[in-house]
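Commentary on secondary and tertiary structure
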Protein chains: 2
Amino acid sequence: MQDLLKRIDGLLKEKKFVEVRNIVAEENAADLAVLFEELFGEDYEERAEFMILFRLLPKDLAAETFAHMNSDMRKHLIGMFTDKELREILDESFIDDTVDIIEEMPANVVSRILKNSTTGERKAINEILRYPKDSAGSIMTIEYVSLHRDMTVAEAFDKIRRVGVNKETIYTCYVTENRKLIGVITVKDLFTAEEDDKISDIMETHIISVDTHEDKEVVGNMFRKYDFLALPVVDKDNRLVGIVTFDDAMDVIQEENAEDFSKMAAIAPNEESYFRTGIFKHVKNRIGWLLILMISATVTQIIINKYEAAFAALPILISFMPMIMDTGGNCGAQSSTLIIRGIALDEIHFKDFFKVVFKEFRISIMVSAVLAVVNGVRIYLMYERNFLLALTIALSIIATVIISKLIGAMLPMLAKRVHLDPAIMATPLITTIVDCCSIFIYFNIAVAVLNV
Amino acid sequence: MQDLLKRIDGLLKEKKFVEVRNIVAEENAADLAVLFEELFGEDYEERAEFMILFRLLPKDLAAETFAHMNSDMRKHLIGMFTDKELREILDESFIDDTVDIIEEMPANVVSRILKNSTTGERKAINEILRYPKDSAGSIMTIEYVSLHRDMTVAEAFDKIRRVGVNKETIYTCYVTENRKLIGVITVKDLFTAEEDDKISDIMETHIISVDTHEDKEVVGNMFRKYDFLALPVVDKDNRLVGIVTFDDAMDVIQEENAEDFSKMAAIAPNEESYFRTGIFKHVKNRIGWLLILMISATVTQIIINKYEAAFAALPILISFMPMIMDTGGNCGAQSSTLIIRGIALDEIHFKDFFKVVFKEFRISIMVSAVLAVVNGVRIYLMYERNFLLALTIALSIIATVIISKLIGAMLPMLAKRVHLDPAIMATPLITTIVDCCSIFIYFNIAVAVLNV
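Quick look at the structure, then. Just so it is clear, the structure is predicted and the values come from calculations on it, not from any experiment. Position labels on residues start from 1 in each chain and follow its written sequence. Chains and ligands are labelled by the order in which they are written, letters from A for the one and numbers from 1 for the other. For this predicted model, a pLDDT threshold of at least 70 governs which residues receive local features, and a threshold of 80 or more governs which side-chain atom pairs are given and counted, while totals over whole chains, interfaces and linings are taken from all residues. For the side-chain quantities, the full set of heavy atoms in the structure was used; hydrogens and water were omitted.

1. Overview of the packing of aromatic side chains
Rules: Any pair of Phe, Tyr and Trp rings, taking the six-membered ring for Trp, is counted once the centres come within 6.5 Å. Such a pair is stacked with planes under 30 degrees apart, edge-to-face with planes over 60 apart, and tilted for the rest. Elements are defined by DSSP. Helices are runs of H or I of four residues or more, strands are runs of E of two residues or more, and each kind is numbered from the N terminus. Type-normalised accessible area, obtained with a 1.4 Å probe on protein chains alone, sets the label of each residue: buried when under 20%, exposed when over 50%, and partly exposed for intermediate values. The criterion for a charge sitting over a ring is simple: Lys NZ or Arg CZ within 6 Å of the ring centre, and within 35 degrees of the ring normal.
Taken as a whole and assessed by the stated rule, the structure comprises 38 aromatic pairs over all chains. Both rings, one in Phe40(A) and one in Phe50(A), keep their centres 5.3 Å apart while their planes meet at 90°; by these two values the pair is edge-to-face. Note that Phe40(A) is positioned in helix α3 (residues 29-40) and Phe50(A) in helix α4 (residues 48-55), a separation of ten residues in sequence. In this structure, Phe40(A) and Phe50(A) share a single accessibility class: buried. Relative to Phe275(B), the ring of Tyr274(B) lies with its centre 5.3 Å away and its plane at 75°, an arrangement referred to as edge-to-face. Here a set of aromatic residues connected by ring pairs shows up, and it is made of Phe36(A), Phe40(A), Tyr44(A), Phe50(A), Phe54(A), Phe66(A) and Phe81(A). One cation-aromatic arrangement involves Lys359(B) over Tyr274(A); the distance from NZ or CZ to the ring centre is 5.4 Å.

As structure tokens, this is what we get:
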């Protein structure tokens, strides 16, 4: 990649455009999009070679590369395109990619794109745009191969040959009757059938499909489960309106994971990569939760104030606070992470509430016993055989671990129950909640055992 | 699903096996695997209906369902199979699924599987088993369609028709010469070509492939980038040895994500789902990091002991400890999560070290300024206009946030540099490290500003 970069950079500077064209024509679109980013970095708007290089690409490769670029570059390109060029790119693009572009662009660019689309395309674009964000309808494409039940296998092959080049996938074909989806057949099935077999005899009629309004996370989970290449999307009357292809499903899975990672670290989700997100956006994404969590920590502060007498009498108590708080936070984080993941992957449901709580309870008893013994012995040996101090810490650890694991397990499920995203009940919030509990437990046990 | 479950349960009890067979024959293998789990739960080993239901499945569906089941059920089934049944299941399975099964099974089961395989299969299985765990070789299948450069399109179609039914994917075909990979062609390309076109004229020769020893995480990232259906796997002499299909790549992406989620919550990675993991396994997966982190917290404890005089003189200082520690932990977690994800997705590399550090530095200044002002004002108003106390907390927050974000950004990159998994530098460890720093900073600032 670095070699290619230098070579093209050199050739562009020497204006050897024919050679450049021959090289780039052989490359993969995804690689070319990366090459554009690496070659021009942040100043692609100022450098004339950027447009020159893009115009050297063969038409279909240009459209594909365009689809792989980041939205800023695409916006710039659309601004530079002649109407003819825009028309050509749109011709070579699949409808779902065009919709993705439209969703990211400012109004004036959108109207230019729509002006350069055919009436049919415009209708299709508007239809997809109408579906709710994050629905199956919003990520589908309408470019699929549909067959008729009375066709023979040979006729089906003819149709695929005729229309296939413009379809996003030809490998799964859909049999419709009055627009209703009545069967599915793969090209592999067609290959293993006889030329004059009738489609209706060999098609699969047990169809797995999704509703247009289904959450795209569910669609992603279905792809993980069934290993499909494409999934049909139907309206409430079972009419076929589009398909979701596996590459878009992969993107959805990736996005959902990225979102969960962000939420679990108290960061507002962000679709752009780390470097492509500006400083101010980074600050904005991070400051909200930090403020909320900082203010929540005030509760712990008030609890500590109440026990001033206890630690004034025995200052050593203070030094164990971080260890107890951290252990509680870590235990809560473990449970909440596992439960949040289980919910996201559709493995844990609200009906499992008591099963999960009981399981975490048993786990927490064993975990806390080990931690309490190890730490109790350590403190007993380190602090002049002070048995009561060791006992205080050991008991505090047991109570803290049990409470933390139960809170960590319950809150994500309760969040899901009231239709909040379980991922907000992740490490940072759990830690803050658990802090209050563990400090409260700790000082109460200290007062009881040590009589301070 | 629940209806189906009840219906089959009822029919099995009434011994209406023919009806059951007709129903299940229409179902999808992935759904059937779930049905087996829901129907028999934990006591499938005791219930005779389990084997009866499995034996009612048509052969090919049985093999597919088997591949979707969890390893305990598979182990049980293999134990119950006659040699003939085992032979049939293996016949209908793809080699990569068989290898997956072998990797999970105890030695006596493995030898039974190998005994019931053909010599060719045994050779293929052993070849795949020889590749390092987590390598491209270990997840590939050898069931692909290979074509010859001199074939015509019509001849290629004939070959696909002849051998396709036993191949995991037919949609991407590979052109080899002396076992070397010289071209790739998709069925879509074949459909748009003329019947008498020569393969060598229309095949793609700019081939994207992976080495057998490449890390499977890299393979997953390539699928995300290129949207391929399959990726050829070659040895060091560019000989084609197998392919990785998109469904296996999706599993890899899923596993890698699950692993990162676990590590980021200080849990040892685990391939089984939450419910299918036993209590003791859960305890074992969680206790290790908890112990390490608990012992590490001792450092913070020692630091606090050193400043006993400071908080004895001004006990109010103690109540701010959790807020400062938590804010530091949360800030560090935000940075480390973003950097760990960036590294996993191949967006951030070690060469970006200073770029990342500088970016986080600028972000941390802005974030800390906001947090310091909000909290400073709050404390000034709440604590009898104690300006020096407010100043102490505000300065401590600024220093803590900056240090936390830098630590959170640097440690994952340094871990990667010395070939450790960056994900271990996640929230829990970062929190513990940041705790020490923030407590140290806090008391030093308090001593300097407040003269305690």
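2. Considerations on the nonpolar core
Stated precisely, the cut-off is as follows: We define a nonpolar core as any set of buried Ala, Val, Leu, Ile, Met, Phe, Trp, Tyr and Cys residues linked to one another through side-chain atoms lying within 4.5 Å. Residue contacts follow a heavy-atom distance rule, with two residues in contact if any of their heavy atoms lie within 4.5 Å.
With 171 residues, the main nonpolar core has Ile8(A), Leu53(A), Phe54(A), Ile8(B), Leu53(B) and Phe54(B) as its most contacted residues. Excluding residues within four positions of it along the chain, Ile8(A) makes contact with Val20(A), Ile23(A), Val24(A), Leu35(A), Leu39(A) and Leu53(A). Among the nonpolar cores identified, the runner-up in size contains 76 residues, and Phe311(A), Met323(A), Ala394(A) and Ile439(B) belong to it.

3. Focus: the layout of surface pockets
Residues and elements named next belong to chain A. For clarity, the cut-off: Grid points spaced at 1 Å and placed over the protein atoms alone form the basis of the search, with a cavity being a set where a 1.4 Å probe fits but cannot get out and a pocket an open set showing protein on both sides within 12 Å along at least five of seven lines. Lining residues have an atom within 4 Å of a point. Grid points are joined across faces, edges and corners, and a volume is the space filled by probe spheres set on the points. Charged means Asp, Glu, Lys or Arg here, nonpolar means Ala, Val, Leu, Ile, Met, Phe, Trp, Tyr, Cys or Pro, and polar covers whatever is left, Gly included.
A volume near 180 Å³ is recorded for the second largest pocket. Considering the residues around the second largest pocket, the lining is formed by Gly-120, Lys-123, Ala-124, Glu-127, Ile-142, Tyr-144, Arg-179, Leu-240 and Val-241. Counting residues per element, the ones that place at least two in the lining of the second largest pocket are α10 (119-130) and β6 (240-245). Per-element tally for the lining of the second largest pocket: the top contributor is α10, with four residues. Along the lines of polarity and charge, the residues of the lining of the second largest pocket split into five nonpolar, one polar and three charged.

4. Quick look at the sheet that holds strand β2 (residues 172-177) of chain B
By definition, the strands of a sheet pair up through backbone hydrogen bonds, in either a parallel or an antiparallel sense. All names here are of chain B. We count it as follows: Two strands pair if DSSP finds at least two bridges between them.
Read across the sheet, three strands follow the order β1-β2-β3 without closing on themselves; strand pairing throughout is mixed. The open sheet is flanked by β1 (146-147) and β3 (180-186), the only strands paired with a single partner. Here six bridges tie β2 to β3, and the two strands are oriented antiparallel to one another. Paired with Cys-173 across the two strands is Ile-185, which belongs to β3.

5. Here we look at the sheet that holds strand β5 (residues 230-234) of chain B
Residue and element names in this part refer to chain B. Our working rule: Only the stretch in contact is used when fitting a helix axis, every axis being a line fitted to C-alpha atoms; angles between N-to-C directions are given from 0 to 180 degrees.
Read across the open sheet, the three strands follow the order β4-β5-β6; overall the sheet is mixed. On the outer flanks of this sheet lie β4 (210-211) and β6 (240-245), each paired with one strand and no other. Relative to β5, β4 runs parallel, the two sharing two bridges. Within β5, the residue paired with Val-210 across the bridge is Val-233. Seen against the sheet, helix α15 (residues 216-226) touches β4, β5 and β6 and runs at an angle of roughly 140° to β5.

6. Regarding the pairing of β5(B)
Residues and elements named next belong to chain B. Of all five residues in β5, five are buried; the element is thus mostly enclosed. The side-chain alternation of β5 yields two buried faces, one formed by Ala-230, Pro-232 and Val-234 and the other by Leu-231 and Val-233. As paired elements, β5 and β6 share five bridges and run antiparallel to each other. Bridge pairing links Val-233 to Gly-242 in β6. The hairpin turn running from β5 into β6, its antiparallel successor, is five residues long, and Asn-238 in that turn takes a positive phi close to 65°.

7. A look at empty space enclosed by the protein
In the structure shown here, the tally under the stated rule is six cavities of 30 Å³ or more. Computed from the structure, the largest cavity encloses a volume of approximately 170 Å³. Every residue lining the largest cavity is counted, 16 residues in all, and those nearest its centre are Asn330(A), Thr427(A), Thr431(A), Thr427(B) and Thr431(B). Where the lining of the largest cavity is concerned, the elements lending two or more residues are α20 (321-344) and α23 (427-450) of chain A together with α20 (321-344) and α23 (427-450) of chain B. Top contributing element to the lining of the largest cavity by residue count: α20(B), with five residues.

8. Some thoughts on the relation of the copies chain A and chain B
Counted only if it meets this: A least-squares fit on C-alpha atoms brings the copies together, and the residues used are those whose pLDDT is at least 70 in both copies.
For the match of chain A to chain B, the screw axis carries a shift of 0.1 Å, the RMSD comes to 0.1 Å, and the turn is 180°. When the rotation and shift are considered jointly, the pair of chain copies conforms to a two-fold rotation axis. An overlap of 99% is found between the interface residues of chain A and their copies at the interface of chain B, pointing to a shared contact surface.

9. Some words on the pattern of salt bridges
Residues and elements named next belong to chain B. How we decide: By definition, a salt bridge exists where a carboxyl oxygen of Asp or Glu is found within 4 Å of a side-chain nitrogen of Lys or Arg.
In this structure the tally under the stated criterion is 53 salt bridges over all chains. Of the charged contacts, one joins Glu-121 and Arg-87 as a salt bridge, the two residues approaching to 3.6 Å between their closest N and O atoms. Of this pair, Glu-121 sits in helix α10 (residues 119-130) while Arg-87 sits in helix α7 (residues 83-92), and the two are 34 residues apart along the sequence. The exposure class of Arg-87 is partly exposed, given its relative accessible area of 21%.

10. Examining α20(B)
Since the α-helix packs 3.6 residues into each turn, any two residues three or four apart lie on the same face. Residues and elements named next belong to chain B. Formally: The length a helix should cover is 1.5 Å for every residue beyond the first.
Helix length check: α20, at 24 residues, gives a terminal C-alpha distance of 34 Å against a target of 34 Å (1.5 Å per residue), a fit within 8%. In terms of burial, α20 is a largely internal element, 24 of the 24 residues being buried. Where α20 terminates, the next one or two residues include Asp-346, which has phi positive at roughly 65°.

11. With respect to the pairing of strand β2 (residues 172-177) of chain A
Residue and element names in this part refer to chain A. Rule in force here: Looking down the strands as they point away from the viewer, one classifies a crossover as right-handed if the path from the first strand across the helix to the second runs clockwise.
Taken across its six residues, β2 has five buried, putting it largely inside the fold. Two strands pair when backbone bridges link them, and strand β1 (residues 146-147) and β2 are joined in this way by two bridges, in the parallel orientation. Its bridge partner being in β2, Leu-147 is matched across the sheet by Val-175. Handedness of the β-α-β unit built from β1, helix α12 (residues 153-163) and β2 comes out right-handed. Connecting β2 to the antiparallel partner strand β3 (residues 180-186) that follows it, the hairpin turn spans two residues, and Asn-178 within it adopts a positive phi of roughly 50°.

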